[in-house]
Amino acid sequence: MLWANFLHIYQPPDQKKYIMDLVVNESYRAIVSILKDNPQARITMSIIGTLLERLDCDAYRDVIDGLRKVSSRGQIEFTAGTMFHPFLPKIPDSEIIRQINLNNDVQQYYFKSAYHPHGFYSPEAGYSYRVAEIAHSMGYTWTIVDEIAYSGLLSPRGYDFGHTPGFYSGGLELRQIVGTVSEKNGNGYPERKFVDYTKLYSIKGLHGFLVHFRERVISDALASGQITSPEQFLDVLKPEMRK
């Protein structure tokens, strides 16, 4: 199997200071430290412009400096994104473009030449053809969306749920919902199957613009803290790693 490390970092602009302290100390500084100690490690990261400004204002500049340093060593590929984390499919085209440009200005201010994105991440993986069209027109070559954007179905992968007691996604028992989120598309078109993670997908009509799918099952397990150690992570992945 192929595994891509994509991290999306966001906090609301009005986040409470004590929560920011916890997030910075337990997550952001840990990410920087791990990358510094493991120069062979590579990740792709989306970080919102307002969060960069908040880190600066709250005296967490060491996080910004650390991210810039490891990125200059080729360990982080930053994606383009938005300034204020809006849900792009629901706002006008002009505001989408304004959000992207504002974010680019802030990213370039803090990361300098380390910020040269090829990919675009839409907040909450919000997708519409128009959002992809705008990203493509601005020179980006790929995006990431949730796998349900493909067919409405979660991929029935062979992960070992036994190593994650109470394994769930969005409050639902995964073993009950995998492959059953959507039955019909209602448009008279043939039903799509599950995402084939051995293939690369592109968006029709947008030449050279690739789409990568977020695999919800394992991503939710990581994001929600249900997988708490490297050993547990490898145990969960083991059935797929043998393929």
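Keep in mind the model is a prediction, meaning the values are calculated, not measured.

Scoring rules and cut-offs
- Residues numbered from 1 in each chain as written.
- Predicted model: local features only at pLDDT ≥ 70, side-chain atom pairs only at ≥ 80, totals over all residues.
- Heavy atoms only, no water.
- Axes fitted to C-alpha atoms, helices over the stretch in contact; angles between N-to-C directions.
- Helix = DSSP H or I, 4+ residues; strand = E, 2+ residues; numbered from the N terminus.
- Parallel < 35°, antiparallel > 145°, perpendicular 65-115°, else oblique.
- Left-handed = near helix turned anticlockwise from the far one by under 90°.
- Contact = heavy atoms within 4.5 Å.
- Nonpolar A, V, L, I, M, F, W, Y, C, P; charged D, E, K, R; others polar.
- Salt bridge = Lys/Arg side-chain N within 4 Å of Asp/Glu carboxyl O.
- Buried < 20%, exposed > 50% of the residue type's maximum accessible area, 1.4 Å probe, protein only.
- pLDDT = per-residue confidence, 0-100.
- Polar contact = N/O pair within 3.5 Å; in protein donor to acceptor, adjacent residues only side chain to side chain.
- Patch = residues over 30% accessible without salt bridge, like charges linked within 9 Å, V, L, I, M, F, W, Y side chains within 5 Å.
- Areas by Shrake-Rupley, 256 points an atom, 1.4 Å probe, with all protein chains shown as cover.
- Lys, Arg positive; Asp, Glu negative; His and termini not counted.
- Charge placed at Lys NZ, Arg CZ, Asp CG, Glu CD.
- Pairing = 2+ DSSP bridges.

**Q** Before we go on, may I ask you to explain the packing of helix H4 (residues 93-111) against helix H5 (residues 129-137) in this structure?
**A** The geometry of a pair of packed helices is captured by two quantities: the angle between their axes and the separation between those axes. H5 packs onto H4 with a crossing angle of 45 degrees between their chain directions and a minimal axis gap of 11 Å. In terms of their interaxial angle, H4 and H5 are classed as oblique. As for the relative orientation of H4 and H5, their crossing is right-handed in sense. Residues Asp-93, Ile-96, Ile-97 and Ile-100 of H4 form the contact with H5, whose participating residues are Arg-130, Val-131 and Ile-134. Tallied by class, residues from the contact of H4 with H5 come to five nonpolar, no polar and two charged.

**Q** Help me out: how do you make sense of the pattern of salt bridges in this one?
**A** Any two side chains of opposite charge can pair, so long as their charged atoms come close to each other. Inspection of every chain in the model, using the stated rule, returns 13 salt bridges. The shortest N-O distance in the salt bridge between Asp-65 and Arg-68 comes to 3.0 Å. One end of the pair, Asp-65, and the other, Arg-68, are both in helix H3 (residues 61-72), three residues apart, so they sit about a helical turn from each other. On the basis of relative accessibility, which here comes to 30%, the residue Asp-65 falls in the partly exposed class.

**Q** Looking at this model, I keep getting lost on unusual backbone geometry. Mind explaining?
**A** For residues other than glycine, phi is negative in most cases, and the peptide bonds are mostly trans. At His-85, a residue that is not glycine, the phi angle is positive and equals roughly 65 degrees. Exposure remark for His-85: the relative accessible area of 11% places this residue in the buried category. Not every positive phi belongs to a glycine, and Lys-112 is a case in point at roughly 55 degrees. In this fold, Lys-112 is placed in the loop between H4 and strand E4 (119-120). A relative accessible area of 48% places Lys-112 in the partly exposed class.

**Q** Would you mind showing me how to read the confidence of the model for the chain here?
**A** For any part of a model where pLDDT is low, the fine detail of the predicted coordinates should not be relied upon. Residues at a pLDDT of 70 or more form 83% of the chain, whose mean pLDDT is 86. Segment residues 169-185: pLDDT under 50, and 31 contacts once partners within four positions in sequence are set aside and those in other chains are kept.

**Q** What's the story with the environment of Val-236 in this structure? I'm lost.
**A** Along the chain, the position of Val-236 falls in helix H9 (residues 230-241). Expressed as a C-alpha distance, the spacing of Val-236 and Ile-218, which sit 18 residues apart in the sequence, is 8.7 Å.

**Q** What exactly am I supposed to notice about the side chain of His-85 here?
**A** In this fold, His-85 is placed in the loop between strand E3 (76-78) and H4. Here the side chain of His-85 touches His-8 through a polar contact of 3.1 Å, side chain to side chain. With residues near it in sequence (within four places) discarded, His-85 still touches His-8, Tyr-10, Ile-48, Gln-99, Pro-123 and Glu-124.

**Q** In this structure, what is going on with a positive patch on the surface? I would like to understand it.
**A** A cluster of like positive charges, contributed by Lys-36, Arg-42, Lys-69 and Arg-73, occupies part of the molecular surface. As for its placement among the helices and strands, Lys-36 is situated in helix H1 (residues 17-37). For Lys-36, a relative accessible area of 38% gives the class partly exposed.

**Q** Explanation requested: the packing of H1 against H3 in the structure shown.
**A** It is at 9 Å that the axes of H1 and H3 come closest, and there the two elements cross at 25 degrees. Here H1 is positioned roughly parallel relative to H3, judged by the angle of their axes. The two elements H1 and H3 cross, and the hand of that crossing is left-handed. Residues Val-24, Tyr-28, Arg-29, Val-32, Leu-35 and Lys-36 of H1 form the contact with H3, whose participating residues are Asp-62, Val-63, Gly-66, Leu-67, Lys-69 and Val-70.

**Q** Would you mind going over the sheet that holds E4 with me for this structure?
**A** The strands that make up a sheet pair up through hydrogen bonds in the backbone, lying either parallel or antiparallel. Across the sheet, which stays open at both edges, the four strands sit in the order E4-E5-E9-E8 with mixed pairing between neighbours. Lying at the two open borders of the sheet, with one neighbouring strand each, are E4 and strand E8 (201-202). Both E4 and strand E5 (residues 142-146) contribute to a ladder of two bridges, which runs parallel. Counted as the bridge partner of Gly-119 is Trp-142 from E5.

**Q** Explain the sheet that holds strand E2 (residues 43-47) here, please?
**A** With parallel pairing, three strands are arranged side by side in an open sheet as E1-E2-E3. On the outer flanks of this sheet lie strand E1 (6-9) and E3, each paired with one strand and no other. Neighbour-to-neighbour, the strand axes of this sheet turn through a mean angle of 30 degrees, independent of strand direction.

**Q** Would you explain helix H8 (residues 216-223) in this entry?
**A** For an α-helix, 3.6 residues make a turn, and residues three or four places apart therefore share a direction. For H8, the set of buried residues is Val-217, Ile-218, Ser-219, Asp-220 and Ala-221. One or two residues past the end of H8 sits Gly-225, with phi positive at roughly 80 degrees.

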